[in-house]
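Summary of structural features
Each chain, written out:
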Amino acid sequence: MTYYEADRRLQGRCKNSRRLENNTYLERRGENAIAVRFHATDVLTFRKDGSWTASTGGWNTVTTRDRLSRYSPPGYSFGSDASQYGQGMVVYRHSPRMWTPLCILEGTVTFAADGSLKGGGDIEEAREDRRKERNQVARERYQERFWLLAARRVQRGGKVPRKPLTLEMIQAEANVSTRTAMIRIYGLERYLVAVKAESIDTVGEYSLLTYPLEDSPSWGRERVLRALKMTCPSTGTCYIHPVDPSCRSVSEALDWIFQTPGYLNRLQAEA
Amino acid sequence: MKDLIRHGDLLFVPVKKTQVSEVEGLREVSGKVIERGEVTGHAHRVTEGDVTIEEHVRKSWQSGDMLPTGIRYMTVHTPATVTHEEHKPVTLLPGLYEIMRAREFDYTAGLGRRVMD
């Protein structure tokens, strides 16, 4: 839509305002401007001199985008491309090439009659910000999986990572796969010696370990850590599985882990 | 009686239908993935056999959304094979199973928590 098209539609009894569609009105703004109002926001304002303004009023929604694209002058579209430019609304021009991104619609963007624009966020900056954000996510994901990947590399004969690995880091790790990978790199024997672990019960491959806890709150219990050493029957990987400190035997520990009484006697198959 | 089947950090415990029919708020889970690892991305999934997985949900007092409570049941209609990238496959015979997920003790919080892998 242009100013003159809008002006043609504002005639007769609708000379000041005309409903375009749901919550959307074409309204005069003084003598030289006509606006497309969506709810309470003038999303588009056309001026007699050929310039026009686009604004979301902070409402970056699907419907705002739809109204902007539908009523903007020919050759312009409003869209979003989160993978390239993040969450902002992108202004596209379709000449000389289709879908040429012009700017990010932040606040208000004014297009002069000659096609030059004023305002809006820089498209290259948005692309760069998005690239940095993606890299940051990838870095965090890599950090999260660092020890898992390192353990796999070591298993295949690769080098042990140089990143320092301490007992505190292992004990603070909440994810069992990551913790097991860390123990594998640290060395199971070294780990058990370092925590001064003692076995208090053994049944087959299972062993209930106990070791003193120095820095943790007691929670009204003994200041010891009890953990069940389990070996995966499929991979042979050894897991150190912290259990409730009230567990006194392997059987009690297994019942507690799986919340199922009589685990050892009832076990039919495991993998 | 030997009836428990363990597959990594999951334990399949046979239960009676009458026990489950009393449970309210069961919602069918689409797909055949029983559990997926948070970091590894590995999953316990049913590769053979016809099964229905249901999870217990409760209404959130804040948002009113139905949130899973972590209790899951699996009805095995025909013998099913459960596989995982790190474990050997196990076969489950037809019946109704409660899927127990291993827990561990968090000595910092002083509480048991679900094992994450």
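The structure reproduced in this document is the subject of the present report. (Residues numbered from 1 in each chain as written. Chains lettered and ligands numbered in written order. Predicted model: local features only at pLDDT ≥ 70, side-chain atom pairs only at ≥ 80, totals over all residues. Heavy atoms only, no water.)

Brief notes about the overall build of chain B
Secondary structure summary: chain B contains one helix and 12 strands in total. Mapped in sequence order, the helices and strands of chain B form the string β-β-α-β-β-β-β-β-β-β-β-β-β. By residue count, 48% of the 117 residues in chain B fall in the buried class. Contacts in chain B between residues at least 24 apart in sequence constitute 56% of all its contacts with a sequence separation of at least 6. (Helix = DSSP H or I, 4+ residues; strand = E, 2+ residues; numbered from the N terminus. Buried < 20%, exposed > 50% of the residue type's maximum accessible area, 1.4 Å probe, protein only. Contact = heavy atoms within 4.5 Å.)

Considering the interface of chain B and chain A
Contacts between the two partners involve 35 residues from chain B and, on the opposite side, 46 residues from chain A. For the pair chain B and chain A, the summed buried surface comes to about 3400 Å²; carbon and sulfur atoms form 54% of the total. Linking chain B to chain A there are three salt bridges. Salt-bridge contacts for Arg266 of chain A lead to Asp3 of chain B; the nearest nitrogen and oxygen are separated by 3.1 Å. Counting the contacts that link chain B with chain A gives 19 residue pairs in polar contact (both at pLDDT 80 or more). Those elements giving two or more residues to the side of chain B that touches chain A turn out to be strand 1 (4-7), strand 2 (10-14), strand 10 (95-101), strand 11 (103-106) and strand 12 (111-114) of chain B. Broken down by class, the residue content of the side of chain B that touches chain A amounts to 15 nonpolar, eight polar and 12 charged. Taken together, the three bridges between strand 15 (residues 267-270) of chain A and strand 1 of chain B define a ladder with parallel strand orientation. Bridge pairing links Glu270 of chain A to Arg6 of chain B in strand 1 of chain B. (Buried area = accessible area lost by both parts, 1.4 Å probe. Salt bridge = Lys/Arg side-chain N within 4 Å of Asp/Glu carboxyl O. Polar contact = N/O pair within 3.5 Å; in protein donor to acceptor, adjacent residues only side chain to side chain. Nonpolar A, V, L, I, M, F, W, Y, C, P; charged D, E, K, R; others polar. Pairing = 2+ DSSP bridges.)

Considerations on the nonpolar core
Residue and element names in this part refer to chain A. Counting 47 residues, the largest nonpolar core has Tyr191 and Leu228 as the members making the most contacts within it. If we skip the residues at most four places from it in the chain, Tyr191 touches Leu167, Ile170, Gln171, Ile183, Tyr186, Tyr211 and Ile240. Listed in part, the 25 residues of the second largest apolar core include Ala6, Ile34, Trp52 and Met89. (Core = buried A, V, L, I, M, F, W, Y, C linked by side-chain atoms within 4.5 Å.)

Examining the sheet that holds strand 6 (residues 51-59) of chain B
Whenever strands of a sheet pair, they do so through backbone hydrogen bonds, lying parallel or antiparallel. Across the sheet, seven strands lie side by side as 15(A)-1(B)-2(B)-10(B)-7(B)-6(B)-3(B); this open sheet has mixed pairing. Unpaired on one side and paired on the other, strand 15 of chain A together with strand 3 (26-29) of chain B mark the two borders of the sheet. With strand direction ignored, the average angle separating the axes of adjacent strands in the sheet is 30°. Of the strand pairs in this sheet, strand 7 (residues 66-76) of chain B and strand 10 of chain B are connected by five bridges, and their pairing is antiparallel. Each bridged residue has a counterpart across the sheet, and for Val76 of chain B the counterpart in strand 10 of chain B is Gly95 of chain B. (Axes fitted to C-alpha atoms, helices over the stretch in contact; angles between N-to-C directions.)

Some thoughts on the packing of helix 4 (residues 123-155) of chain A against helix 6 (residues 176-186) of chain A
All names here are of chain A. Taken N-terminus to C-terminus, the directions of helix 4 and helix 6 make an angle of 45°; their axes are 8 Å apart at the nearest point. In terms of orientation, helix 4 and helix 6 fall into the oblique class. The hand of the helix 4/helix 6 crossing is left-handed. Judged by residue contacts, Glu144, Trp147, Leu148, Ala150, Ala151, Val154 and Gln155 of helix 4 engage Ser177, Thr178, Ala181, Met182, Arg184 and Ile185 from helix 6. When the residues that make up the contact of helix 4 with helix 6 are grouped by side-chain class, the tally is eight nonpolar, three polar and two charged. (Parallel < 35°, antiparallel > 145°, perpendicular 65-115°, else oblique. Left-handed = near helix turned anticlockwise from the far one by under 90°.)

What to know about the pattern of salt bridges
All told, the structure shown has 23 salt bridges over all chains when counted by the stated rule. The residue Asp42 of chain A makes a salt bridge to Arg29 of chain A at a minimum N-O spacing of 2.8 Å. Residue Asp42 of chain A is located in strand 4 (residues 41-47), and its partner Arg29 of chain A is located in the loop between strand 2 (24-28) and strand 3 (33-38); the two are separated by 13 residues in the primary sequence. When its relative accessible area of 31% is taken as the criterion, Arg29 of chain A is described as partly exposed. Among the ionic pairs, Asp106 of chain B bridges to Arg113 of chain B, the shortest N-O distance being 2.9 Å. Look at the salt bridges and you will find they share partners, linking Glu21, Asp66, Arg67 and Arg70 of chain A into a network.

Quick look at helix 2 (residues 62-71) of chain A
Residue and element names in this part refer to chain A. Restricting attention to buried positions, one finds in helix 2 the residues Thr64, Arg67, Leu68 and Tyr71. Each buried residue of helix 2 lies within a common arc of 100° when the element is viewed along its axis, so the set occupies one face. Buried residues belonging to helix 2 abut strand 1 (17-21), strand 2, strand 3, strand 4, strand 5 (52-55) and strand 6 (76-79). (Arc of directions from axis to C-beta.)

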